[in-house]
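Chain by chain, the residues run as shown.
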Amino acid sequence: MKKNMKSILAKGMALAMAFSLMAVAPGTQSEAAKAKKPTMKKKVSIVKGKSKTIKVTSKKKVKKTTWSLNKKGKKVVKLSKKKAKSVKVKALKKGTAKLTAKVKVGKKTYKLKSTITVTAPKNTSGDKTSSSPSAAPSGSPSAAPSSNPSTAPSTDPYADRVHSFTANGATVTVDESATYNVPLTELNETTFTCEAKRPANADPLASDKLYNRDGSISFTSTVDYNSGVTFYVNPCTSDDDIVDISATRGEGFLGYQNGTKDMSAYDYIRICLTSGNEMNFRTYNGNDQLETAGFPGSCTSETFEAGWIGPVGASEYMESDGGTGKTVKADYEKRTVFIPLAALQEKGCNPATLTAFGICPQRTGMEVTIHSIDFVKVKYDTPVTGITVTSNRENNEVQAGRTATLTAAVAPENATRQTVTWSSSDETLATVTFNGIVTTTEGKTGKVTITATATDGSGVTGTIELNITDGSAQPPAEEGNHKVDFTDAGVVAQSNKQVDGNYVTPDADKTADSMVFLNGASMIYVNLSAYISAKNLDLASYKSLDVTYEVRDADGKAIADWPAGFEPGWGKPVHWVPVASLNGYTDGLAATGGGGDPAIPAATSSLSIADVDKAKLADVGGFNLQFNAIPEDCSIAITDITFKKE
């Protein structure tokens, strides 16, 4: 009996334990499953007239989130800045709104819901003073941080700014009374292309317009070269200024149509940042660039590495570790750099109609903090005393309906501000752009004077007289295809390579049969502007330009495949590029669809001319050819350049 009782008790206990485990196990699995699911606050309260950012929290990467409101909720709140892991909600009136987020993580889609309650403001006195530093008047000097303790920066974001540096052999001093601050706020950011973040231990911000309490912005790049932040020059100050541009940029993208501002009076853009990788800086003129699928890569101008100026030269703070772009020595990860607006102007940026700028590290996974950005004027300690104007046309003769490129050289060479403005004595005969491109009127001949005027207050001018002819004195253009003569002095072919920390641009070795570039130089360019002018070639009459190139070994023989153990990361086809941007690395107006396979070290690339906007053909002067790398004992050789009619 005792034995049976023990047996029964043992079986009962085992059964109880089994039931207990059954009860616990499902609950444990459920909690684990829940931990993997994305989450969102179920209840949110917002004061009428204020905004909040509602976030999705997920341990796994969120691919996409579709945000929506119930019908009644659309009258209570307004959604903007729709992103994969967050949405901005502005409270319009008292009431309740139901927010739904369809979150795609991996192959699964989760539906999250939140109830938003809009309450009446406690203060009904009508005080509309903003507590955000971004409310500083547009165009004012760098605004002081707000005195409101809930949003005031814990430190001065401008404390580390550099106030003087060396340029053109002279010390340049910033006029701190005439700077223009660009607010690094969520409202003023055009479209994120990176992983944004705030410090994990940061205090909750009273205003969601700031990224970091000190006014800085931090992010992590997600792709090479094209992942960073972009900001409007003319600050966006109200949610009402934001418009939906989904039709051009895709679902959830927003834009600001009043970002363009005349910044031609400023000398440099000053950026204080922290990054272990070198940065690319891009400018955009007009909203059309911001709204295209090619954004942020399709820009007006781009500069990096040798394009920066600062207390420490780029060659001193950069070093190569064999990866993408250049790394920065530890002592210089936090640094101030200055970008000359004149250099951007030479690359095609018009400071008078500047809309936005973008900053991207060159490598994926780089953590970057931008502490401050402002446009600065400097003290003109060395004024301009003379200006000499030259043209790319022989005897300064230009055929009616054609173009000429003018260059203004100021004296002395170390003049503080070397930017000039251009004007024409008779715009019915010829007009001139901000960067010295003259366009003559079809069917009209005569003489016109083009004037370059110094902008440093000295009042110095320089002039050139152009003779506009009917073209009879120029050699006739060829009727068929035109093969470029490599030995002609008008053909300029150069490499762009960094040697011992400095960029060099040596000329190619030219013969009648080929142009051979510097050993190990993977980026080359050819300037044909003078040649096109001298030969009276009308680009609009040609369909394409065929460029045949090959990679040669140390013995000068063409290679059929890359050497063993060497594989370039990418190869790019040849690009049509305006004269001002010929440098070996800038993408141009049109590119070939073939010949860019890195597995092919020899190819013929056919550059389209017919597809290029005719108004832009006047700026085209040559082409770039780019590889990520080639072996140090190999060289790129161009063996044929032919303008094709068919």
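Just above, that's the structure.
Residue numbering note: each chain is counted from 1, following its sequence as written. With the structure being a predicted model, the display of local features is reserved for residues of pLDDT at least 70 and the display and counting of side-chain atom pairs for 80 or more, all residues being used for whole-chain, interface and lining totals. Only heavy atoms go into the side-chain values, all of them from the structure, while hydrogens and water stay out.

Draft legend 1. Spatial organisation of the sheet that holds strand β28 (residues 430–432). When DSSP locates at least two bridges between a pair of strands, those strands are taken to pair. Secondary structure is summarised from DSSP: a helix means a run of H or I of at least four residues, a strand means a run of E of at least two, and numbering begins at the N terminus for each. The 4 strands lie next to each other as β24-β26-β29-β28, forming an open sheet whose pairing is antiparallel. Only two strands of the sheet have a single neighbouring strand rather than two, namely β24 (386–391) and β28. Geometrically, the sheet is characterised by an average inter-axis angle of 25° between neighbouring strands, direction not taken into account. With 6 bridges joining them, β24 and strand β26 (residues 403–411) adopt antiparallel strand pairing. Note on definitions: angles span 0 to 180 degrees between N-to-C directions of axes, and those axes are lines fitted to C-alpha atoms, for helices only across the stretch in contact.

Draft legend 2. Structural view of the nonpolar core. In these notes, a set of buried Ala, Val, Leu, Ile, Met, Phe, Trp, Tyr and Cys residues joined through side-chain atoms within 4.5 Å is what counts as a nonpolar core. Note on exposure labels: buried denotes an accessible area under 20% of the residue type's maximum, exposed denotes more than 50%, and partly exposed covers the range between, all computed with a 1.4 Å probe on protein chains only. Within the largest apolar cluster, 38 residues are counted, with the highest numbers of intra-cluster contacts made by Ile638 and Phe643. Note on definitions: a residue-residue contact is assigned when non-hydrogen atoms from the two residues lie within 4.5 Å. If we ignore the near neighbours within four places in the chain, the residues touching isoleucine 638 are Phe486, Asp513, Ser514, Met515, Phe517, Ile524, Val526, Val547, Thr548, Tyr549 and Phe623. Core analysis: the second largest hydrophobic core is formed by 33 residues, Tyr180, Leu184, Tyr266 and Val328 among them.

Draft legend 3. Representation of the side chain of aspartate 640 in the model. Relative to the helices and strands, aspartate 640 is located in strand β44 (residues 635–644). A polar contact is formed between the side chain of aspartate 640 and the side chain of threonine 642, at a distance of 2.7 Å. In protein, a polar contact means a hydrogen-donor-capable atom and an acceptor-capable atom, both N or O and within 3.5 Å, with residues adjacent in sequence counting only if both atoms are side-chain atoms; elsewhere, any N or O pair within 3.5 Å suffices.

Draft legend 4. Quick look at empty space enclosed by the protein. Definitions used for this entry: grid spacing 1 Å over protein atoms alone; cavity, a set of points where a 1.4 Å probe fits but cannot get out; pocket, an open set with protein on both sides within 12 Å along at least 5 of 7 lines; lining residue, one with an atom within 4 Å of a point. Grid points are joined across faces, edges and corners, and a volume is the space filled by probe spheres set on the points. What the rule picks out here adds up to 3 cavities of 30 Å³ or more. In this structure, the second largest cavity encloses a volume near 50 Å³. Surrounding the second largest cavity, Thr190, Thr191, Tyr232, Ile245, Leu254, Gly255, Tyr256, Gln257, Asn287, Leu290, Glu291 and Phe295 form its lining. Among the elements of the structure, β15 (254–256) and α4 (287–290) are those that each provide at least two residues to the lining of the second largest cavity. Per element, the largest residue contribution to the lining of the second largest cavity is 3 residues, and it comes from β15.

Draft legend 5. Seen up close, a positive patch on the surface. Patch building starts from residues that exceed 30% relative accessible area and form no salt bridge, then joins like charges within 9 Å and nonpolar side chains (Val, Leu, Ile, Met, Phe, Trp, Tyr) within 5 Å. Residue exposure ignores everything except the shown protein chains as possible cover, and the areas themselves are Shrake-Rupley values with a 1.4 Å probe. By salt bridge we mean one thing: a side-chain nitrogen of Lys or Arg within 4 Å of a carboxyl oxygen of Asp or Glu. His is not counted, nor are the chain ends; Lys and Arg add positive charge and Asp and Glu add negative charge. Charge positions come from single atoms, namely NZ of Lys, CZ of Arg, CG of Asp or CD of Glu. A contiguous patch of positive charge, built from Lys71, Lys72, Lys74, Lys75, Lys82 and Lys93, is present on the exposed surface. By the element assignment, lysine 82 lies in the loop between β4 (77–80) and β5 (86–91). With relative accessibility at 37%, the residue lysine 82 sits in the partly exposed group.

Draft legend 6. Quick look at the sheet that holds β5. One open sheet holds the 3 strands; their spatial order is β2-β5-β4, and the pairing between them is antiparallel. Of all the strands in the sheet, just β2 (51–55) and β4 have a single pairing partner and so form its edges. Neighbour-to-neighbour, the strand axes of this sheet turn through a mean angle of 30°, independent of strand direction. Pairing geometry for β2 and β5, over 5 bridges, is antiparallel. Its bridge partner lying in β5, lysine 55 is registered against serine 86.

Draft legend 7. Representation of the pattern of salt bridges within the structure. Applying the stated criterion across every chain yields a total of 11 salt bridges. Between aspartate 267 and arginine 417 there is a salt bridge whose closest N-O contact spans 2.3 Å. On the criterion of sequence distance, the pair formed by aspartate 267 in the loop between β15 and β16 (268–275) and arginine 417 in the loop between β26 and β27 (420–424) is long-range, its members being 150 residues apart. The same class applies to aspartate 267 and to arginine 417, which are both buried. Its salt-bridge partner being aspartate 374, residue arginine 270 comes within 2.8 Å of it at the nearest N-O pair. Remark: aspartate 374 occurs in strand β23 (residues 367–376) and arginine 270 occurs in strand β16; sequence separation between them is 104 residues. Take arginine 270: its relative accessible area is 1%, and that puts it in the buried class. Residue classification places aspartate 374 among the buried residues on the basis of a relative accessible area of 0%. Salt bridges linked by common partners bring Glu176, Arg270 and Asp374 together as one network.

Draft legend 8. Local environment of the environment of tryptophan 422. Within the fold, tryptophan 422 resides in strand β27. For the pair tryptophan 422 and alanine 452, spaced 30 residues apart in the sequence, the C-alpha separation amounts to 4.8 Å. Apart from the residues within four sequence positions on either side, tryptophan 422 is in contact with Val389, Leu406, Thr407, Ala408, Val432, Thr433, Phe434, Asn435, Gly436, Ile450, Thr451 and Ala452.

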